[in-house]
Amino acid sequence: MSKQEAVLKFFEEAKTNANLRAALAEAGDSDGVIEVAKKFGYDFGLSDITAAKEAKYGAVDDASISNLSGGAGMERTSDPMRYWGTPRWREYWGSRTEGHE
C-alpha cells in the first residue's frame, strides 16, 4: 500500500471509528494528526496527506483557504479530508465527535 493509499484509508476509518475521530479532534495541528495516525497503526507524513488531498481534490490556493476560515462555503461532509489544511480543521473534527463517544 502506498503512503497516499494509507492516508485515504486512515481518513476513511475516521468516518466510522469514534475513538479515532475523538483523537483527531484533540490533535490540534498537523503534527498531532501524524501522531494520531501512528497510534492507530498508520505510517505517513504531512507531505503524504497533502499529496493525497491534491490527488483527490486538486491543488488549493491560499485565497481559497482564507475564504474558508470564516466558514464561507463550508458544508457538512462525510469526507474527513475535505478541510485538511484549512483553519477550520480542529473545529470540524470537534463537531464530528459530539455524541459519538
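In this text the structure is predicted, and so the values were computed from the model without any measurement.

Points about the packing of helix α1 (residues 3–14) against helix α4 (residues 46–57)
Logical step 1: Axis separation between α1 and α4 bottoms out at 9 Å; the angle between their running directions is 80°. Classified by the angle their axes make, α1 and α4 are roughly perpendicular. Where α1 abuts α4, its residues K3, Q4, V7, L8 and F11 lie against D48, I49, A51, A52, A55 and K56.
Logical step 2: A per-class count over the contact of α1 with α4 returns 7 nonpolar, 1 polar and 3 charged.

A short note on the confidence of the model for the chain
Logical step 1: Per-residue confidence for the chain averages 75 on the pLDDT scale, and 57% of its residues sit at or above 70.
Logical step 2: Averaged over each element, pLDDT in the chain is lowest for helix α5 (residues 62–69) (53) and highest for helix α3 (residues 30–39) (91).

A look at the pattern of salt bridges
Logical step 1: Here the structure, examined in full by the defined rule, presents 2 salt bridges.
Logical step 2: The salt bridge partner of K15 is E12, with a shortest N-O separation of 3.1 Å.
Logical step 3: A relative accessible area of 28% places K15 in the partly exposed class.
Logical step 4: The exposure class assigned to E12 is partly exposed, which follows from its relative accessible area of 44%.

Structural notes on α1
Logical step 1: Here α1 contains 12 residues, and its C-alpha end-to-end distance of 17 Å stays within 8% of the 16 Å for a straight helix at 1.5 Å per residue.
Logical step 2: Turning to α1, its buried residues are A6, V7, F10, F11 and A14. For α1, the buried positions fall inside an angular range of 130° around the axis, keeping them on one side.

Comments concerning the nonpolar core
Logical step 1: Core analysis: the biggest nonpolar cluster contains 16 residues, and F10, L24, V33, F44 and I49 have the highest contact counts within it.
Logical step 2: When contributions to this core are tallied by element, the ones reaching two or more residues are α1, α2 (18–27), α3 and α4.
Logical step 3: Setting aside its immediate chain neighbours within four residues, F10 contacts L20, L24, V33, V36, A37, Y42 and F44.

Quick notes on the rules
- Residue indices begin from 1 for each chain and proceed along its sequence in written order.
- pLDDT decides what is reported in this predicted model: residues at 70 or higher carry local features, side-chain atom pairs at 80 or more are listed and counted, and totals for whole chains, interfaces and linings draw on all residues regardless.
- Only hydrogens and water are set aside when side-chain values are computed; all heavy atoms of the structure are taken into account.
- What counts as an axis is a line fitted to C-alpha atoms, over the stretch in contact for a helix, and the angles between N-to-C directions run from 0 to 180 degrees.
- Here a helix means four or more residues in a row that DSSP labels H or I, a strand means two or more in a row labelled E, and each is numbered from the N terminus.
- If an angle is under 35 degrees, it is roughly parallel; if it is over 145, roughly antiparallel; if it lies from 65 to 115, roughly perpendicular; otherwise it is oblique.
- Any two residues whose heavy atoms approach within 4.5 Å are treated as being in contact.
- Each residue is assigned to one of three groups, with Ala, Val, Leu, Ile, Met, Phe, Trp, Tyr, Cys and Pro labelled nonpolar, Asp, Glu, Lys and Arg labelled charged, and all others, Gly among them, labelled polar.
- Values of pLDDT, which run from 0 to 100, indicate the predictor's confidence residue by residue.
- Every case where a carboxyl oxygen of Asp or Glu lies within 4 Å of a side-chain nitrogen of Lys or Arg is listed as a salt bridge.
- Relative accessibility thresholds used throughout: buried, under 20% of the residue-type maximum; exposed, over 50%; partly exposed, between the two (1.4 Å probe, protein chains only).
- A helix is expected to span 1.5 Å multiplied by its residue count minus one.
- Directions pointing from the helix axis toward each C-beta atom define the arc.
- Residues enter a nonpolar core if they are buried and are Ala, Val, Leu, Ile, Met, Phe, Trp, Tyr or Cys, with the set joined through side-chain atoms within 4.5 Å.

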